[in-house]
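# Structural characterization, general
Below, each chain spelled out in residue letters.
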Amino acid sequence: QLTGVLDDCLCDIESIDDFNTFKIFPKIQKLQERDYFRYYKVNLKRPCPFWADDGHCSIKDCHVEPCPESKIPVGIKAGSSNKYSKAANNSKELEDCEQANKLGAVNSTLSNQSKEAFIDWARYDDSQDHFCELDDERSPDAQYVDLLLNPERYTGYKGPSAWRVWNSIYEENCFKPRSVYRPLNPLAPSRGGLGSVCLFSWTGLCLEKRVFYKLISGLHASINLHLCAKYLLEETWGKPRWGPNVKEFTRRFDPVETKGEGPRRLKNLYFLYLIELRALSKVAPYFERSVVDLYTGNGHEDAESKALLLDIFRDTKSFHMHFDEKSMFAGDKKGAKSLKEEFRLHFKNISRIMDCVGCDKCRLWGKLQTQGLGTALKILFSEKEIQSLPENSPSKGFQLTRQEIVALVNAFGR
């Protein structure tokens, strides 16, 4: 059990737990199920920019052969639109096909109706000039993915390829406490001394660098928690069973097993929550304007989605223990500007490392949560631009693309 006040802010864990459980979580869960937030466009084929691609998910497509095209009815081919139709529920073969889709690589099947809606969204975004274009948005390799059909969970992806990704993040791209050595590869020999004792000191690390380290550690903890909560426990007769793996959770977070590091990782997850919560409260004015719609083409659903989002914003504003981002980059202007640029470049590099993840599903959720956190940081450092937004016309000073909005909400939901 975690208790007490978090470092670098005036918030205690119990207050966050109560606020999240009773106010935020039920609403954010509903929001994630809405069409606007469940489809995320992502390029899973971008090559790793740092080393030769060597990673493969150890359960490649979960060893399930795809069903012959001729046996899949239009309702299943169309993705989720007719998923619960009578015909789909009556056929054993179709259930097997659907199971294969769920277990295999990223399920990118979409109905024609959904595809048309995406074209409308793109046109709407372009014409309203609310959102800037993302780097790979129009790449032929970018595809829409239904996040509800591709939940984040343990797929069997592990070993040197996975360790290499996290080691690269911590050792080469993260400001970290000087005395902390994180041998993320359990096969790596301990450096002895400090490495085996895992001492912890923030000596020489300014607030901004402490925040950066905690955010990355919190992101890592979040991903590990989801893998422990939805772990592949067994697979009999080709039917897998996912559920909580307490032993794996203990291995990653127990104070004794982690030489005291585990509880700190979990505290960093709370810190990450606080940062993204703060970003949501800060970006509320952007969405409160009548000129901003969560546009899918379904007027009734769009209105309900926006009402629910604004309701969540009201809750975020009612929280009394927000992180104070004004304490960051507050020194002399030249030094602060240089530090902010260093902060930005480090984070950008980490987002590029996500293209080195060998498992498609892990890559999808890694990219989404990294982009969500990047969007939160963009919001926190754009307060003046957000406050000066025009009420009835698009803003040139501050914009969010649909991809950034979807990533922000889903990352916070995680």
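Residues numbered from 1 in each chain as written. Predicted model: local features only at pLDDT ≥ 70, side-chain atom pairs only at ≥ 80, totals over all residues. Heavy atoms only, no water.

The next subject is the packing of aromatic side chains. Summed over the entire model, instances satisfying the criterion amount to nine aromatic pairs. When the ring of Tyr154 is compared with that of Tyr231, the centres are 4.1 Å apart and the planes differ by 0°; the resulting orientation is stacked. Here Tyr231 lies in strand E3 (residues 231-236) and Tyr154 lies in the loop between strand E2 (142-146) and helix H7 (160-173), a separation of 77 residues in the sequence. Assigned by exposure class, Tyr154 and Tyr231 land together as buried. Their ring planes at 75° and their centres at 5.1 Å tell us that Tyr286 and Phe287 sit as a pair that is edge-to-face. Classification of Phe287 by relative accessible area gives buried; the value is 3%. The ring of Trp242 has Arg153 lying over it, and the distance from NZ or CZ to the ring centre is 3.6 Å. The ring centre of Tyr36 lies 5.0 Å from the NZ or CZ of Arg402, which sits over that ring. (Phe/Tyr/Trp six-rings, centres within 6.5 Å; stacked < 30°, edge-to-face > 60°. Helix = DSSP H or I, 4+ residues; strand = E, 2+ residues; numbered from the N terminus. Buried < 20%, exposed > 50% of the residue type's maximum accessible area, 1.4 Å probe, protein only. Lys NZ or Arg CZ within 6 Å of the ring centre and 35° of its normal.)

The next point concerns the side chain of Thr370. For Thr370, the location among the structural elements is in helix H14 (residues 360-380). The exposure class of Thr370 is buried, given its relative accessible area of 1%. Aside from chain neighbours lying at most four places away, what touches Thr370 is Leu219, Phe347, Ser351 and Met354. (Contact = heavy atoms within 4.5 Å.)

Turning our attention to the pairing of E3. Of the pairings in the sheet, the one linking E3 to strand E4 (residues 239-243) comprises five bridges and is antiparallel in character. Within E4, the residue paired with Tyr231 across the bridge is Gly243. (Pairing = 2+ DSSP bridges.)

Another aspect to go through is the UniProt feature "active site" (unreviewed entry) in the protein. Within the UniProt annotation, "active site" (unreviewed entry) is assigned to Cys359 and Cys362. Here Cys359 is to be found in the loop between helix H13 (333-353) and H14. Using a relative accessible area of 3% as the deciding quantity, one classes Cys359 as buried. Following the sequence through the fold, Cys362 ends up in helix H14. On the basis of relative accessibility, which here comes to 22%, the residue Cys362 falls in the partly exposed class. Setting aside anything within four residues of it in sequence, one finds Cys362 in contact with Thr155, Tyr157 and Val357. (UniProt positions renumbered as here; feature names shortened; annotations may be inferred.)

This model, assessed by the stated rule, comprises one disulfide. A sulfur-sulfur distance of 2.0 Å marks the disulfide that ties Cys48 to Cys356. Torsion about the S-S bond of the Cys48 and Cys356 cystine: about 75°, corresponding to right-handed handedness. Of this pair, Cys48 sits in the loop between strand E1 (39-43) and helix H3 (74-77) while Cys356 sits in the loop between H13 and H14, placing them 308 residues apart in sequence. Assigned by exposure class, Cys48 and Cys356 land together as buried. Of all cysteine sulfurs in the structure, the one in Cys11 sits closest to Cys9, which takes part in no disulfide; the separation is 5.9 Å. (Disulfide = S-S within 2.5 Å.)

To continue, consider the confidence of the model for the protein. Looking at the protein as a whole, its pLDDT mean stands at 75, while 72% of the residues score no less than 70. Here H3 stands out as the least confident element of the protein, with mean pLDDT 26; helix H1 (residues 13-32) is the most confident, with 96. Every residue in residues 55-104 is under pLDDT 50, and counting partners more than four places away or in other chains gives 63 contacts. For the stretch residues 183-200, pLDDT sits under 50, and the model shows 29 contacts to residues farther than four places along the chain or on other chains. (pLDDT = per-residue confidence, 0-100.)

What follows concerns the nonpolar core. Counting 93 residues, the largest nonpolar core has Val283 and Phe287 as the members making the most contacts within it. Broken down by element, the residue count for this core peaks at 14 residues, all from helix H11 (residues 262-288). Residues in contact with Phe287, not counting those within four places in the same chain, are Val292, Leu294, Lys306, Leu309, Leu310, Phe313, Leu400 and Ile405. (Core = buried A, V, L, I, M, F, W, Y, C linked by side-chain atoms within 4.5 Å.)

As a further point, take helix H16 (residues 402-413). Under the 1.5 Å per step criterion, the end-to-end length of H16 is 16 Å for 12 residues, consistent within 8% with the ideal 16 Å. Among the 12 residues in H16, 12 count as buried, and that is most of the element. Where H16 is concerned, the buried positions are Arg402, Gln403, Glu404, Ile405, Val406, Ala407, Leu408, Val409, Asn410, Ala411, Phe412 and Gly413. (Expected span 1.5 Å × (residues − 1).)

Structurally, Glu301 can be placed in helix H12 (residues 299-318). Of the buried charged residues, Glu301 lacks a salt bridge, with Arg34 as the closest side chain of opposite charge at 4.3 Å. When near neighbours in sequence (up to four residues on either side) are disregarded, Glu301 contacts Arg34 and Asp35. (Lys, Arg positive; Asp, Glu negative; His and termini not counted. Salt bridge = Lys/Arg side-chain N within 4 Å of Asp/Glu carboxyl O.)

A few words on the pattern of salt bridges. On inspection of all chains with the given rule, the structure shows 15 salt bridges. Across the salt bridge formed by Arg46 and Asp355, the nearest N and O atoms sit 3.4 Å from each other. Of this pair, Arg46 sits in the loop between E1 and H3 while Asp355 sits in the loop between H13 and H14, and the two are 309 residues apart along the sequence. Among the residues examined, Arg46 registers a relative accessible area of 30% and is labelled partly exposed. When its relative accessible area of 3% is taken as the criterion, Asp355 is described as buried. Here Glu383 makes a salt bridge to Lys282, at a shortest N to O gap of 2.5 Å. Here Glu383, found in helix H15 (residues 383-387), pairs with Lys282, found in helix H11; they are 101 residues apart in sequence, far enough to count as distant. By the burial criterion, Glu383 is buried, and Lys282 matches it. Where salt bridges share partners, they join Lys27, Asp311, Arg314 and Asp315 into one cluster.

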